[in-house]
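# Architecture at a glance
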Amino acid sequence: MVQLRDYQQQAVDATINHFKQSNESAVIVLPTGSGKSLVIAELARLAKGRILVLTHVKELVEQNHQKYQNYGLTAGLYSAGLKLKQTQHQVTFASIQSVGPNLAEFTEAYSLVIVDECHRIKYANKDKNESETQYQVVFSHLKQQNPKLKILGLTATPYRMGMGWIYQYHYFGIKRSEHPTPFVKCIFEFPLSHLIKKGYLTPPIQINAAVEEYDFSELKTNNQGEFNFAEVNKIVLKHPRVTQGICQHILELAKERQGVMIFAASVEHAQEIVSYLPKEQTALVTGNTKLEERDEIINAFKAKQLKFLVNVSVLTTGFDAPHVDYIALLRPTQSIGLFQQIVGRGLRLAPNKKDCLVIDYAGNGYDIFLPEVGEKKPNSDSQPVMVKCPLCDFANTFWGKVDKDNNVIEHYGRRCWGYEEFEHDNGTVERFDCQYRFKFKQCPHCNVENDIAARKCHSCGGAIIDPDEQLREALNLKGALVMRCSGVTFEALSTSKLKISYHDEDGLTISESVEFIHKKRAQHFNQHFGSRFNNAQTPRQFSSADEVIKSQDLFVAPDFVIAYKDKKAKNKEKAPWLVKDYIFDYEGKFRKANQLY
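In this report, we go over the structure that sits alongside the text. Source: prediction; values computed, not measured.

Attention now goes to the nonpolar core. Counting residues in hydrophobic clusters, the biggest one holds 66 residues, and the most contacted among them are I28, F93, L152 and I327. Of the residues forming this core, the biggest block, six residues, is contributed by helix α2 (residues 36-46). Once you skip the residues sitting within four places of it in the chain, F93 turns out to touch I40, V53, V61, N64, H65, Y68, A75, G76, L77 and Y78. One finds V27, I96, V113 and C118 within the second-largest nonpolar core, a separate group that totals 28 residues.

Here it is as structure tokens:
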């Protein structure tokens, strides 16, 4: 009998407990190298009825099948790549590419489907006439035989650039997505740092390369959130001296290493890299490499007949060579998940292996221990920060910035992602999302806070002005001023009277005053400034100028201030500007203060 590690047993227990109470699809998140195949084997052993284990590459089909066979049990294989199509066993390990076109051979009622590397599943929205993916077609077919079919996914990276999270809810009380996802709930997750501390994985050593790096800073992303292939290729091929220098650096450090995996940006780039490495010790694998040749290369690398394995986007998952102790990234990525998948190739334990060297020659700037934020990194100096919700006390993880004392000075989170879950006596589950918003647009009709991208109020249904249209309209009006606000200062004119001054990047200042004894003016100030106090982490209601002055460093300035000339002034040329409106939390086409064009 195979003895599971503590976290593997916890993952199995979480799955059993979940499916005893619910038919909702579920996800287990375990780092690369944590032994997901053992969790799959144990679940397949314990489950009743027929079990189908799916994945996308024959290597994983074979690996998962072998772990199950180690229990002394027999299972079927259904994979064209392995030249076997068996469906007669209780448990079948299969490739999705083989099952999808042959559903007529799967007519029995299955009780459980397990999907390894389930982050590859894309949700197809039927309301938008999107075609079902191959996985969804298989699920739909099997549900015809068993409407109560349980579906479980396992992955190390539950977030995909361009698609988002693959599940909607997390058992820690986090709502990940407002839109439908391939899976409903993450029921268990175990962090990479714990596995390394327990000695289950090799510690990664991340160092900055002391050589010239590629500069991908000007690249723009596509609709999927990744860099344009042609533009990346253009940069790497434009700088052969950089590539040669990097390869010389790799050769120097590789002298004390057992196996080196190099991740290239394109096939042409990979071929250039190979030309700088020792021919007898190097091989290249791409998407165009024939399967037999690929297997020969991988087997030679695993046997240490080759030292350098260069690849282009094909060995990020489903590849197991424990002796790898040097990962070299020569390609850019916007995905922490992909970065972690790549580094994970070098974290498995092996004889005479004390650590894994990880060098990022592409300047991605990720830390493998960082949590997945679930958003594109807004700028190079952002890092994951924890921001507590003042309404429900949930600790959100957003991109943000901190000061020298590690205090959050800015974050890019829009709303709280906390939720509460209640189970009714009949077993149904009801979830209630926290409604707090850190960044928002107020409805001009009912003052309810809406998402900054909203065009219609979610409460009253009234139209919300598009900030771009608002700015265009003001810019076209004679006697109107649109200020790009770079800062705001406060001055107490009396206990109850506050002067607010707005400053632009060119030195212009316009001012207004607030009398807190006037209820509407105080309410107006608190709606715009008090609700956003301390980046909306601790919103407050202010009732005096003195209160504001004591905490003035924690107020957020508007992005734009719209003002008009005082029509009542006798001297129209010298008439003061009267503040008409503000735009906070702006995301649109116009440049903000101190922002590059």
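Of all five residues in strand β5 (residues 91-95), five are buried, a share of seventy percent or more. Taking every second residue as pointing to the same face, both faces of β5 are buried, with V91, F93 and S95 on one and T92 and A94 on the other. Judged from the five bridges that link them, strand β2 (residues 50-55) and β5 form a sheet pairing that is parallel. Paired with I51 across the strands is V91, a residue of β5. In this structure, strand β3 (residues 76-79) lies alongside β5, joined through three bridges in parallel fashion. By the bridge assignment, G76 is partnered in β5 with T92.

Turning our attention to the pattern of salt bridges. Under the defined criterion, the tally for this structure stands at 24 salt bridges. Between D355 and R257 there is a salt bridge, and its shortest N-O distance comes to 2.7 Å. Here D355, found in the loop between α11 (336-344) and β18 (356-360), pairs with R257, found in the loop between α8 (240-254) and β14 (259-263); they are 98 residues apart in sequence, far enough to count as distant. For D355, a relative accessible area of 13% translates into the label buried. Here K388 makes a salt bridge to D393, at a shortest N to O gap of 3.9 Å. Accessibility expressed as a relative area gives 46% for K388, which makes it partly exposed. For D393, a relative accessible area of 49% translates into the label partly exposed. The structure contains a network of salt bridges with shared partners spanning E24, K185, E421 and R431.

About the cut-offs
Residues numbered from 1 in each chain as written. Predicted model: local features only at pLDDT ≥ 70, side-chain atom pairs only at ≥ 80, totals over all residues. Heavy atoms only, no water. Core = buried A, V, L, I, M, F, W, Y, C linked by side-chain atoms within 4.5 Å. Buried < 20%, exposed > 50% of the residue type's maximum accessible area, 1.4 Å probe, protein only. Helix = DSSP H or I, 4+ residues; strand = E, 2+ residues; numbered from the N terminus. Contact = heavy atoms within 4.5 Å. Pairing = 2+ DSSP bridges. Salt bridge = Lys/Arg side-chain N within 4 Å of Asp/Glu carboxyl O.

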